[in-house]
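# Chains, contacts and geometry: an overview
Letter by letter, the chains look like this.
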Amino acid sequence: MGCDFSVSYFKGKEDYPWINGQYRDVKIYGGDVIGTIGEIVLWAEGAYTNPDIGDSFFQMVAGGEYTFGNDLYIMGQYYHRDYPDAKEHYLMSVLRRPFRDIHTLQLGMAYEIENKIFIIYPELTISVTDAVSLVLSGIFVDGNVENTFMSQMKDRIFLKVEYSFYKSIWCG
């Protein structure tokens with residue numbers, strides 16, 4: 001079993017504006033650990049956020065992942081956010097499987113335990129060339145997401161084109 005861990009500290013501005021549109025000054029104390037048991041990868045991380053305005057809160061995630069011999073990838077994790085006025089508990093998972101060596105089918109799912117909200121996120125990636133892929137995906141929500149962390153989630157379907165470029169250098 002291999003294992004790595006770290007601790008962290010951040011002092012600066014929040015990533016997202018607060019109620020009045022201002023970015024609060026925050027101090028964030030965190031830690032994480034990742035390890036393996038055989039070919040299974042396990043991880044956990046947590047952070048305590050102490051803003052200069054408003055209440056402090058704690059959030060953490062713990063999970064694991066494994067890839068089977070047929071290239072089926074499975075990931076599962078638990079996410080918890082502990083605000084003073086609300087506690088959120090999520091179970092999340094991803095299943096991903098390549099097919100025909102260059103295309104991918106993926107299914108993401110999330111369940112918010114307190115409010116009984118279920119979200120499913122299917123995705124199909126078709127590789128057109130080495131540099132171009134077409135991605136068809138959707139988000140489907142079952143449950144009332146108002147006043148939750150997932151309030152921006154709405155049923156929708158996406159079609160996007162991804163282009164990757166790189167420069168190869170050959171030295172002969």
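Structure shown above.
Okay, so let's go over this structure. Predicted, not measured: the structure shown is a model, and the values here were computed from it.

## Quick look at the environment of Glu112
Within the secondary structure layout, Glu112 lies in strand 7 (residues 103-112). Classification of Glu112 as buried rests on a relative accessible area of 0%. Each C-alpha atom of the pair Glu112 and Ile37 lies 28 Å from the other, and the pair is 75 residues apart in sequence. A polar contact is formed between the side chain of Glu112 and the backbone nitrogen of Glu114, at a distance of 3.3 Å. Polar contacts involving the side chain of Glu112 include one to the main-chain amide nitrogen of Asn115, which spans 2.6 Å.

## Observations regarding the pattern of salt bridges
In total, this model carries five salt bridges according to the counting rule given. Notably, a salt bridge pairs Asp82 with Lys87, separated by 2.6 Å at the nearest N-O pair. Accessibility expressed as a relative area gives 25% for Asp82, which makes it partly exposed. Using a relative accessible area of 46% as the deciding quantity, one classes Lys87 as partly exposed. The closest approach of N and O atoms between Glu162 and Lys160, which form a salt bridge, is 3.5 Å.

## Some details on the packing of aromatic side chains
Counting across every chain of the model gives four aromatic pairs. For the pair Tyr66 and Phe68, a centre-to-centre distance of 4.8 Å together with 85° between the ring planes defines the contact as edge-to-face. Classification of Tyr66 by relative accessible area gives partly exposed; the value is 26%. Under the relative-accessibility criterion, Phe68 is labelled partly exposed at 39%. Ring plane angle 35° and centroid distance 5.8 Å describe the contact between Tyr79 and Tyr90, whose orientation is recorded as tilted. Of this pair, Tyr79 sits in strand 5 (residues 73-82) while Tyr90 sits in strand 6 (residues 87-99); the two residues are 11 residues apart in sequence, bridging distant segments of the chain. On the accessibility criterion, Tyr79 (15% relative accessible area) is buried. Given a relative accessible area of 3%, Tyr90 falls into the buried group.

## A short note on the sheet that holds strand 5
Sheet strands line up and pair through hydrogen bonds in the backbone, either parallel or antiparallel. Taken together, 10 strands build an open sheet; the order of strands is 1-2-3-4-5-6-7-8-9-10 and the sheet is antiparallel. On the outer flanks of this sheet lie strand 1 (3-13) and strand 10 (156-163), each paired with one strand and no other. Between one strand axis and the next, the sheet turns through 15° on average, direction left out of account. Two elements, strand 2 (residues 25-37) and strand 3 (residues 40-51), share 12 bridges in a ladder whose sense is antiparallel.

## Thoughts on the side chain of Glu14
Counting through the fold element by element, Glu14 comes out in the loop between strand 1 and strand 2. Within the local environment of Glu14, its side chain forms a polar contact with the side chain of Arg24, the two groups lying 2.8 Å apart. Among all residues touching Glu14, those that are not within four sequence positions of it are Tyr23, Arg24 and Val26.

## Here's the deal with the nonpolar core
Counting eight residues, the largest nonpolar core is built from Val41, Trp43, Val61, Tyr73, Met75, Tyr79, Tyr90 and Val94. Of all the elements in the fold, those that place two or more residues in this core are strand 3, strand 5 and strand 6. In terms of residue count, strand 5 provides more of this core than any other element does, three residues in total. Counting six residues, the second-largest nonpolar core is a separate cluster that includes Ala110, Ile119, Ile139 and Val145.

## Brief notes about a nonpolar patch on the surface
A cluster of nonpolar side chains, Phe99, Leu105, Ile126, Val128, Leu134, Leu136, Phe140, Ile157, Leu159 and Val161, forms an exposed patch at the surface whose accessible area comes to about 920 Å². Contributing elements (two or more residues each) for the nonpolar patch: strand 9 (132-142) and strand 10. As for its placement among the helices and strands, Val128 is situated in the loop between strand 8 (117-127) and strand 9. Since its relative accessible area comes to 48%, Val128 is described here as partly exposed.

Rules used throughout
- Residues numbered from 1 in each chain as written.
- Predicted model: local features only at pLDDT ≥ 70, side-chain atom pairs only at ≥ 80, totals over all residues.
- Heavy atoms only, no water.
- Helix = DSSP H or I, 4+ residues; strand = E, 2+ residues; numbered from the N terminus.
- Buried < 20%, exposed > 50% of the residue type's maximum accessible area, 1.4 Å probe, protein only.
- Polar contact = N/O pair within 3.5 Å; in protein donor to acceptor, adjacent residues only side chain to side chain.
- Salt bridge = Lys/Arg side-chain N within 4 Å of Asp/Glu carboxyl O.
- Phe/Tyr/Trp six-rings, centres within 6.5 Å; stacked < 30°, edge-to-face > 60°.
- Pairing = 2+ DSSP bridges.
- Axes fitted to C-alpha atoms, helices over the stretch in contact; angles between N-to-C directions.
- Contact = heavy atoms within 4.5 Å.
- Core = buried A, V, L, I, M, F, W, Y, C linked by side-chain atoms within 4.5 Å.
- Patch = residues over 30% accessible without salt bridge, like charges linked within 9 Å, V, L, I, M, F, W, Y side chains within 5 Å.
- Areas by Shrake-Rupley, 256 points an atom, 1.4 Å probe, with all protein chains shown as cover.

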